[in-house]
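# Structural description and commentary
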Amino acid sequence: MVSVKPKFTRKKEHSVKLKSKKKINNVGSKKKVANTLKSLAKASNNVAPKEIVKSKKITYIMPSKYVSEELVDLCLNALQKITAVHNKKNTIFGHETSIFAEIRCIKIPQNKGNVKFVLPHSTAASTREICLITPDLKKGKKIDHEPTIDHWKDIFSEAGINEIKTVLPLRQLKVEYDQYELKRRLLTQHDFIMVDTRVLTHASHLLGKMFFKKHNMLIPIKINEKANLKKDIDIGMRTVMLRLNEGHTSTILVGHTSMSQKNLKENILSLITQLNKRYPGGEANIRSISLKLPLSLSLPLYLTLRSTNTIGLPKLRHTKPKHSSILEDELSTILDSTVRVAPDGTVHLKKTQNKKKLSNDNTENGQDESDAEISED
């Protein structure tokens, strides 16, 4: 008789053999891992320790140090090629096209306003259609404005000033330019409009917003008849206004294409040097500076990747007059308060801390009275 083992016993033996093989393999793998770790430890002990690399601080170059004469020359040469292309394609552009400097800020200033820059060369066109808005000699509703025109023309002829073509008194501006179409005609007829600082607020209120949108319009000048009048007019011709917008970018007039490249270069370099003191936030708040034509691409002069966290809140600096002083006094209509009046007319009300003291005294007095009543009972 031949004895045959059952099938289930064979399966059990086969499974036992597989388990034993797995155990042997696991033990071998553990030994291999241990050996590799030991070899790595020995290698690490033999290798020299690495030097600690310190993080270097990133230094950003300001535009006054970065923008050089060579860079400005390259940018102006590129602008000349762009103007040549525009003059071939478009008939709108004449022989004189205005050149702008586009300034982009990192943080938008809190308050709006205008920043005045004085350049070494005039930005007015060669046509010399310049208008000057002057104060009246005599104030009144029915007073004629022609004597004031003759008066200013005589003064300019004596001083040797030939740049101003039209003299516009304030009364003539009120009477003859009261409609929108007439104001628009005044805007298109002149390339440069200067206003005496004595009537600047009245003239800007009468003319409106459209004069602020165009450059070389409503530029303030200080006219002193007794002093050097020609010098004052020359400074007014060389002044440009930077209108700060709600967004990041704002443009300022630098010159026109009929100017020599040397004069344009001097205007651009003087503008960049003045931005540190005049621009809100200083040079650190400038993201980029570029040159452009009215309808062309901008050619970059300066660009930085400075983060916004490195800059505080920029504010527009208002220059105070020499003899300005803030007046402060008590206010009779409101108790325990003082009033401060600034030179520009703004009023600030301040309340003292006497009310808190009075309230504390009243509470203490109330407690004493209650104690007295209790003691009487």
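Overview of the structure. Everything numeric here is computed off the predicted structure, so don't read it as measured data.

## Some remarks on the side chain of Lys292
Locating Lys292 in the fold gives a position in strand E9 (residues 286-292). Among buried charged residues, Lys292 stands out as having no salt bridge; its nearest opposite-charge side chain is Glu102, 5.3 Å away. Contact partners of Lys292, with chain neighbours within four places excluded, come to Leu79, Ser98, Ile99, Phe100, Glu102, Leu297 and Ser298.

## Structural notes on a negative patch on the surface
Together, Asp144, Glu146, Asp150, Asp154, Glu158 and Glu176 make up a negatively charged patch on the protein surface. Ranked by residues supplied to the negative patch, first place goes to helix H4 (residues 146-159) with four residues. Mapped onto the elements of the fold, Glu146 is located in helix H4. Relative accessible area serves as the criterion here: at 46%, Glu146 is assigned to the partly exposed category.

## What to know about the pattern of salt bridges
On inspection of all chains with the given rule, the structure shows three salt bridges. We note a salt bridge from Asp73 to Lys265, for which the minimum N-O separation is 3.7 Å. One end of the pair, Asp73, is in helix H3 (residues 69-89); the other, Lys265, is in helix H10 (residues 261-278), with 192 residues separating them in the sequence. Judged by its relative accessible area of 23%, Asp73 is partly exposed. For Arg198, the salt bridge goes to Asp196, with nearest N and O atoms at 2.6 Å. Overall, the relative accessible area of 1% leaves Asp196 in the buried class.

## Looking at the nonpolar core
By size, the foremost hydrophobic cluster in this structure holds 32 residues, and its most contacted members are Phe117, Ile252, Ile268, Tyr279, Leu291 and Leu301. Listing elements by their share of this core, those giving two or more residues are H3, strand E1 (98-105), strand E2 (114-118), strand E7 (239-243), strand E8 (249-256), H10, E9 and strand E10 (299-303). Of all the elements, H10 adds the most residues to this core, at five residues. Not counting chain neighbours up to four residues away, the residues in contact with Leu291 comprise Cys75, Leu76, Leu79, Phe100, Ala101, Ile268, Leu297, Ser298, Leu299 and Leu301. Counting 18 residues, the second largest nonpolar core, distinct from the first, contains Ile130, Val167, Met194 and Met237.

## Topic: unusual backbone geometry
Phi at Asn216 takes a positive value of approximately 60°, unusual for a residue other than glycine. Relative to the assigned elements, Asn216 resides in the loop between helix H8 (210-213) and strand E6 (219-221). The phi torsion at Leu218 lies on the positive side, around 55°, for a residue other than glycine. Relative to the helices and strands, Leu218 resides in the loop between H8 and E6. You can call Leu218 buried: its relative accessible area is 3%.

## Section: the side chain of Thr338
Mapped onto the elements, Thr338 comes out in strand E12 (residues 337-341). For Thr338, a relative accessible area of 16% corresponds to the buried category. Apart from residues no more than four positions distant in its own chain, Thr338 is found in contact with Glu328, Asp329, Glu330, Leu331, His348, Leu349 and Lys350.

## Observations regarding a nonpolar patch on the surface
Taken together, the side chains of Ile58, Tyr60 and Leu305 present a nonpolar region at the surface, about 370 Å² in accessible area. By secondary structure assignment, the location of Tyr60 is in the loop between helix H1 (7-46) and helix H2 (63-66). Of the residues examined, Tyr60 reaches a relative accessible area of 35% and is grouped as partly exposed.

So, how was this worked out
- Residues numbered from 1 in each chain as written.
- Predicted model: local features only at pLDDT ≥ 70, side-chain atom pairs only at ≥ 80, totals over all residues.
- Heavy atoms only, no water.
- Helix = DSSP H or I, 4+ residues; strand = E, 2+ residues; numbered from the N terminus.
- Buried < 20%, exposed > 50% of the residue type's maximum accessible area, 1.4 Å probe, protein only.
- Lys, Arg positive; Asp, Glu negative; His and termini not counted.
- Salt bridge = Lys/Arg side-chain N within 4 Å of Asp/Glu carboxyl O.
- Contact = heavy atoms within 4.5 Å.
- Patch = residues over 30% accessible without salt bridge, like charges linked within 9 Å, V, L, I, M, F, W, Y side chains within 5 Å.
- Areas by Shrake-Rupley, 256 points an atom, 1.4 Å probe, with all protein chains shown as cover.
- Charge placed at Lys NZ, Arg CZ, Asp CG, Glu CD.
- Core = buried A, V, L, I, M, F, W, Y, C linked by side-chain atoms within 4.5 Å.

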